[in-house]
Amino acid sequence: MKFSKYFIPTLINSPSEAEIISHKLMLRAGMIKQSSAGIYSWLPIGLKVLKKIEQIVREEQNNAGAIEILMPTIQSADIWIKSGRYKEYGKEMLRIQDRSGREMLYGPTNEELVTEIFQAHINSYKDLPKNLYHIQWKFRDEIRPRFGVMRGREFLMKDNYSFDINKENAVISYNNMFKAYVKSFLRMDLTPISLRADSGQIGGDLSHEFQILAKTGESTLYFDKELESIDPQNIDPKKLQNYYAVVDEMFDKKNCPISEEKLKISKGIEVGHIFYFGTKYSKPLNAFVQNQNGEKVEVHMGSYGIGISRLVGAIIEAHHDEKGIIWPESVAPFKLSLINLMPENDECIKICNSLYNSLKSNDEILYDDRIVSIGKKLSDNELIGIPHQIIIGKNTLKDKLYEIKNRKTNKIIKLSLEETMNYVGKIF
RNA sequence: CGGGGAGUAGCGCAGCCUGGUAGCGCACCUGGUUUGGGACCAGGGGGUCGAAGGUUCGAAUCCUUUCUCCCCGACCA
């Protein structure tokens, strides 16, 4: 993609609406535009990152055997009245009426809808277990939206719902998702810490929340150091669940079960939450199956959420420096940027064009061909945070070597054309 | 919802106290000079001063109402 033809409206000053670092950087890097409190438009590179996160989550859901569907954003109030949550949910739920005065709502979550789908089509224990997920926009009319996309009112969430014949099997589904969650976050270069949690409004008796470590996180976590070094090849949910990990309100120095050397204190941001809640929704919404004896039994359910749009902010909180964002490769809007420092020099143009033409087919390269000052160009690229940069300028004209800079380490290496192509091949 | 703050050009801000018809930096446009760290010179365009009402000869400025946004708290992916 040629920068000059694209749309990345970077800013020097961050708008006064932003307070925290990820919000400021997202505005400055031209990723989002606020529409109203807690509601955002996603501009091109913001959208690209959002889609990449979504895709990682999707792949790990599919790997874990979950099946993708898509439920609507607008729901009828009926099923919420049935489940009893229409009253319970309060002002957080955005309630609307259609033209004939029917009560509708913008879905804050989907337990009722998915249960309805399930009960309409699944009747036998032979069809279990089932695990359905979707990635859809939700709306919760938060008392106070804040922190940019980290706590928006409209937000993109992956939520899924497991259905099992009994509690024992439901716990297997639960642990299976637990594992998928850890894997998903590790793929985004995040350090997930799983904590036993309250199940809150969703209800139920088994629940974990997933926080990722970030210096600027909202909550303070106390946990066993070993949680920081999970081997992605070898994730054992039960083992991970046994490590000590609590939020600060729960921490009690006297009764802490692990030694001080093992204990680590760090800030975290919640990005996922999983629940087992048994028959809480299957009962009122008639989600039964017949078991082997021909008896009707209520299915045992779990639900699992990941805040996709929140993760965009959370990843920035975990990966940035004073110059801007440092994207992990797996979610970067582009993996490589080709920076022409002399965009009006024929020879430089020739070198860049030839490199760009041989690489542009994969959509992971941003070619900064803009005619702007060198300082502006370099600082914009740092702000946007693309992990690898090839910098072409007068040095290249002199020695025919290509400078490759790593955004994270700031290290620059000089390579021949052949070595450069080799290097780039490995990135893609 | 309780407490605090802010709305003046695309962004960041000054002007308001003490009323006289709007200014600065960046960005933008034109021309020129520059070219390895957010360039320089010259010229230029852009504002219902959040909205409504009131006071006044005259309101960005004073008064009233209202809308929006931000921060702290309870809530949450």
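About the cut-offs
- Numbers given for residues are sequential positions, taken from 1 along each chain in its written order.
- Chain letters and ligand numbers both follow the written order, the letters beginning at A and the numbers at 1.
- Confidence filtering applies because this is a predicted model: local features only for residues at pLDDT of at least 70, side-chain atom pairs given and counted only at 80 or more, and all residues used for totals across whole chains, interfaces and linings.
- Hydrogens and water are ignored here; the side-chain numbers use all heavy atoms of the structure.
- These domain boundaries are the output of an automatic or database domain assignment.
- The contact rule is simple, with two residues in contact once any of their heavy atoms fall within 4.5 Å.
- What gets called buried area is simply the loss in accessible area from a 1.4 Å probe that two parts show on being joined, summed for both.
- A carboxyl oxygen of Asp or Glu within 4 Å of a side-chain nitrogen of Lys or Arg is what we treat as a salt bridge.
- The definition of a polar contact used here is a pair of N or O atoms within 3.5 Å, where within protein one atom must be able to donate a hydrogen and the other to accept one, and adjacent residues in sequence count solely through side-chain atom pairs.
- Under the DSSP-based scheme used, a helix requires at least four consecutive residues in state H or I and a strand at least two consecutive residues in state E, with every element numbered from the N terminus.
- When residues are grouped by polarity, Ala, Val, Leu, Ile, Met, Phe, Trp, Tyr, Cys and Pro land in nonpolar, Asp, Glu, Lys and Arg in charged, and all others, Gly among them, in polar.
- We call a residue near a given molecule or strand whenever any one of its heavy atoms falls within 4 Å of it.
- Here's how the labels work: a residue is buried when its accessible area is under 20% of the maximum for its type, exposed when over 50%, partly exposed in between, all with a 1.4 Å probe on protein chains only.
- Disulfide: a pair of cysteine sulfur atoms within 2.5 Å of each other.
- Each cavity reported here is a set of points on a 1 Å grid over the protein atoms alone in which a 1.4 Å probe fits but cannot get out, each pocket an open set with protein on both sides within 12 Å along at least five of seven lines, and each lining residue one with an atom within 4 Å of a point.
- Grid points are joined across faces, edges and corners, and a volume is the space filled by probe spheres set on the points.
- Centres within 6.5 Å are what make two rings of Phe, Tyr or Trp a pair, Trp counting through its six-membered ring; a difference in plane orientation under 30 degrees is then read as stacked, over 60 as edge-to-face, and the rest as tilted.
- Counting as a charge over the ring demands two things of the Lys NZ or Arg CZ atom: a distance within 6 Å of the ring centre and an angle within 35 degrees of the ring normal.
- Axis lines are fitted to C-alpha atoms, over the contacting stretch for helices. Their N-to-C directions set the angle, which ranges from 0 to 180 degrees.
- With the far helix as reference, a near helix turned anticlockwise by less than a right angle produces a left-handed crossing, and one turned clockwise produces a right-handed crossing.

Examined at the domain level, chain A breaks down into domain 1 (3–321) and domain 2 (336–427). Averaged C-alpha coordinates put domain 1 and domain 2 at centres separated by 38 Å. In this complex, domain 1 contributes 13 residues to the contact, which on the side of domain 2 involves twelve residues. Across the interface of domain 1 and domain 2, roughly 1100 Å² is buried in total on both sides, 54% from carbon and sulfur atoms. For the domain 1 face of the interface with domain 2, the top three residues by lost area are F3, T10 and D321, together amounting to 49%. At the junction of domain 1 and domain 2, the tally comes to three salt bridges. In this assembly, domain 1 and domain 2 are joined by seven residue pairs in polar contact (both at pLDDT 80 or more). Ranked by the residues each element gives to the side of domain 1 that touches domain 2, the list is headed by helix α2 (residues 44–63), at three residues. In the side of domain 1 that touches domain 2, the residues fall into seven nonpolar, two polar and four charged.

Around RNA strand B lies a shell of 44 residues, among which S16, R144, R151, S373 and E382 are the nearest. Counting only atoms of RNA strand B within 4 Å of the protein, the sugar-phosphate share comes to 45%. At 3.0 Å, a side-chain N or O of R28 approaches a base oxygen of RNA strand B. Within the side chain of E142, a nitrogen or oxygen atom sits 3.0 Å from a base oxygen of RNA strand B. Elements that contribute at least two residues to the surface near RNA strand B include exactly β1 (32–36), β13 (263–278), α10 (374–384), α11 (394–399) and β22 (402–406). Among the elements that make up the surface near RNA strand B, the one with the highest residue count is α10 (seven residues). Its residues assigned to classes, the surface near RNA strand B shows eleven nonpolar, 15 polar and 18 charged.

This structure, assessed with the given rule, holds 21 salt bridges. Salt-bridge contacts for K138 lead to D159; the nearest nitrogen and oxygen are separated by 2.8 Å. Remark: D159 occurs in strand β8 (residues 154–164) and K138 occurs in strand β7 (residues 130–139); sequence separation between them is 21 residues. Two residues, K323 and E382, come together in a salt bridge whose shortest N-O distance is 3.8 Å. Taken together, the positions of K323 in the loop between β17 (320–321) and β18 (324–325) and E382 in helix α10 put the pair 59 residues apart, joining distant regions of the chain. A relative accessible area of 34% means that K323 is categorised as partly exposed. Bridged by salt links that share partners, the residues D368, R370, K376 and D380 form one connected network.

Enumeration over the complete set of coordinates arrives at zero disulfides. Here C352 is not disulfide-linked; the sulfur of C348 is the nearest cysteine sulfur, at 5.8 Å. Judged by relative accessible area, C352 falls into the buried class, the value being 0%.

Tracing the chain through its elements places D380 in helix α10. Beyond its immediate stretch of four places on either side in the chain, D380 contacts T10 and R370.

Unfilled space is identified by rolling a water-sized probe across the atoms. Taken as a whole, this structure holds one cavity of 30 Å³ or more when the rule is applied. Considering the residues around the largest cavity, the lining is formed by Y40, W42, W137, V149, G152, E154 and S309. Along the lines of polarity and charge, the residues of the lining of the largest cavity split into four nonpolar, two polar and one charged.

So, about the packing of aromatic side chains. Counted under the stated rule, the structure contains twelve aromatic pairs. Taken together, a centroid distance of 5.7 Å and an interplanar angle of 80 degrees make the contact between W80 and Y89 edge-to-face. On the accessibility criterion, Y89 (8% relative accessible area) is buried. Geometry around F3 places R370 over its ring, the cationic atom sitting 3.7 Å from the centre.

Turning our eyes to something else, we now look at the environment of K414. Mapped onto the secondary structure, K414 falls in strand β23 (residues 412–415). K414 gets classed as partly exposed once you look at its relative accessible area, which sits at 41%. A sequence separation of eleven residues divides K414 from E403, and the C-alpha atoms of the two residues are 4.5 Å apart. At 3.2 Å, the side chain of K414 forms a polar contact with the side chain of D399.

On to the layout of surface pockets. Size it by volume and the second largest pocket reaches roughly 180 Å³. Every residue lining the second largest pocket is listed: E226, S229, I230, D231, N234, I235, D236, K239, L240 and Y243. For the lining of the second largest pocket, the class distribution of residues is four nonpolar, two polar and four charged.

This part takes up the packing of helix α9 (residues 346–359) against helix α12 (residues 417–427). It is the contact of α9 with α12, at a shortest axis distance of 12 Å, that shows an interaxial angle of 35 degrees. The two elements α9 and α12 cross, and the hand of that crossing is right-handed. Of α12, the residues touching α9 (which contributes L355, S358 and L359) are L417, M421 and V424. In the contact of α9 with α12, the residues fall into five nonpolar, one polar and no charged.

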